[in-house]
Amino acid sequence: MQELHEAPLAPLTTFRLGGPAARLITATTDAEVVEAVRAADASGTPLLVVGGGSNLIVADKGFAGTALRIATQGFELDGTQLELAAGEVWTDAVARTVEAGLAGIECLAGIPGSAGATPIQNVGAYGQEVSSTITEVIAYDRQAGETVTLSNAECAFSYRHSRFKSDPERYVVLRVRFALEDAGGLSAPLKYPETARALGVEAGDRVPLGQARETVLKLRAGKGMVLDPEDHDTWSAGSFFTNPILTAGQYEAFLERVHERLGADVTPPAYPAGEGRTKTSAAWLIDKAGFTKGYGTGPARISTKHTLALTNRGAATTEDLLALAREVVAGVHEAFGVTLVNEPVMVGVSL
């Protein structure tokens, strides 16, 4: 277990932003993770768990506590059952399942970060969510002081949310178990229209696994959503805001604002979200509120490839990024009466 003091956190995040941690521990086994968490809790030291750093916004002043970087490894396949250590690189794990001919997470290719972060955020893209394949999550329960196994139902998954996200100080994910599908080398049925169109098939069709993965990677790269150190559009956390889910009353009020601003013939994106709720597109809202691709003149700007990504152009600070985020939130609310919610986790800062 490696320990450093006043260690820079910016290199451990995809934004490449944030000050140092008072103490940085790198754990390579589950036992080391548990030991570090217990020690921090016993001493009352603030704890920041770091995986791939793709969903973190750290304050410029840094973190006055222990940052625990989870670097555990483990990829175990037993038939169609997969167990991943929390520190496994997610995009590499997806590639290996595709190579093994197993379907279920192929459309989650190219998503940066670690396997342990996927259940926390209920990671999803291109018609797939990890909640549809996760069977169990093994985690250290800081409240009980023991390692526990949580079933899919106990994880309380919903859109970009979970039990872990609603109670972020309680659990540290150690391992994640999945049930995948052997469909004879074919993908799961395609649910996302953009993916189906790119592949020249209909929604609900299956395609060769490798073809599905490569298509998703190309779609993501075209939006700056695949990490590339030379491309500042990828110095981001991917989608910065979640898609708003509106009640029936909120959606009616939203439609009125859309028609007032853009014309009676304009219909915003709308998707059923259960219980009389409607999900709309944060990217559409941002664009129609006047924040187009490449918006900004400072060191933090909207991606030139996708309006939902806020980016560090190379010399930004966390405060530069937050100033842009606040401007976007205020502009969208003024235009449409909808309040955007950030997807990345804020450490020592807030919108």
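Everything numeric here is computed off the predicted structure, so don't read it as measured data.

(A) Local environment of the pattern of salt bridges. This structure, assessed with the given rule, holds 16 salt bridges. Between D41 and R142 there is a salt bridge; the shortest N-O distance is 2.6 Å. Of this pair, D41 sits in helix α1 (residues 30-43) while R142 sits in the loop between β10 (134-141) and β11 (146-151), placing them 101 residues apart in sequence. Judged by relative accessible area, R142 falls into the buried class, the value being 19%. Across the salt bridge formed by E319 and R326, the nearest N and O atoms sit 3.7 Å from each other. Look at E319 and you get partly exposed, because its relative accessible area is 38%.

(B) Seen up close, helix α2 (residues 90-99). Those residues of α2 not exposed but buried are W90, A93, V94, A95, T97 and V98. Residues of α2 that are buried in the fold lie against β6 (75-78), β7 (81-85), α3 (118-121), β12 (171-179) and α6 (209-222).

(C) Structural context of the environment of A93. Within the secondary structure, A93 sits in helix α2. The buried category is assigned to A93, whose relative accessible area is 1%. The spatial distance from the C-alpha of A93 to the C-alpha of V148 is 23 Å, given a sequence separation of 55 residues. Residue contacts for A93: discarding those within four places in its chain leaves F75 and L84.

(D) Representation of the pairing of strand β5 (residues 63-70) within the structure. Burial within β5 is extensive, with six of its eight residues counted as buried. Sheet analysis places strand β3 (residues 47-50) next to β5, joined by four bridges and oriented parallel. Note that in β5 the partner of V49 across the bridge is L68.

(E) Quick look at the sheet that holds β10. Taken in spatial order, the five strands make up an open sheet running β6-β7-β12-β10-β11, and their pairing is antiparallel. A single partner strand is all that each edge strand has here, and the edge strands are β6 and β11. Averaged over all pairs of adjacent strands, the angle between strand axes in this sheet comes to 20°, irrespective of strand direction. Here seven bridges tie β10 to β12, and the two strands are oriented antiparallel to one another. In the strand pairing of β12, I134 is matched with F178. Packed onto the sheet, α1 meets β10, β11 and β12 and runs at close to 150° relative to β12.

(F) Layout of empty space enclosed by the protein. With the rule as written, the count across this model stands at one cavity of 30 Å³ or more. Of the voids in this model, the largest cavity is the one considered here, and its volume is about 40 Å³. In terms of lining residues, the largest cavity is bounded by C107, Y126, G127, Q128, A188, P189, L190, K191, Y192 and T195. Residue composition of the lining of the largest cavity, by class: six nonpolar, three polar and one charged.

(G) Spotlight on the packing of aromatic side chains. Per the stated rule, a full pass over the model turns up 10 aromatic pairs. Considering the side-chain rings of F164 and Y171, the 5.6 Å spacing of their centres and the 85° angle between planes classify their relative orientation as edge-to-face. Taking the relative accessible area as the measure of exposure, F164 reaches 4% and is therefore buried. Given the relative accessible area of 9%, Y171 is considered buried. Ring geometry for F291 and Y295: centres 5.0 Å apart, planes at 80°, overall edge-to-face. Chaining the aromatic ring pairs together yields one cluster made of Y251, F254, W284 and F336.

Cut-offs and rules
- Residues numbered from 1 in each chain as written.
- Predicted model: local features only at pLDDT ≥ 70, side-chain atom pairs only at ≥ 80, totals over all residues.
- Heavy atoms only, no water.
- Salt bridge = Lys/Arg side-chain N within 4 Å of Asp/Glu carboxyl O.
- Helix = DSSP H or I, 4+ residues; strand = E, 2+ residues; numbered from the N terminus.
- Buried < 20%, exposed > 50% of the residue type's maximum accessible area, 1.4 Å probe, protein only.
- Contact = heavy atoms within 4.5 Å.
- Pairing = 2+ DSSP bridges.
- Axes fitted to C-alpha atoms, helices over the stretch in contact; angles between N-to-C directions.
- 1 Å grid on protein atoms, 1.4 Å probe; cavity = no way out; pocket = protein on both sides within 12 Å on 5 of 7 lines; lining within 4 Å.
- Points joined across faces, edges and corners; volume = space filled by probe spheres on them.
- Nonpolar A, V, L, I, M, F, W, Y, C, P; charged D, E, K, R; others polar.
- Phe/Tyr/Trp six-rings, centres within 6.5 Å; stacked < 30°, edge-to-face > 60°.

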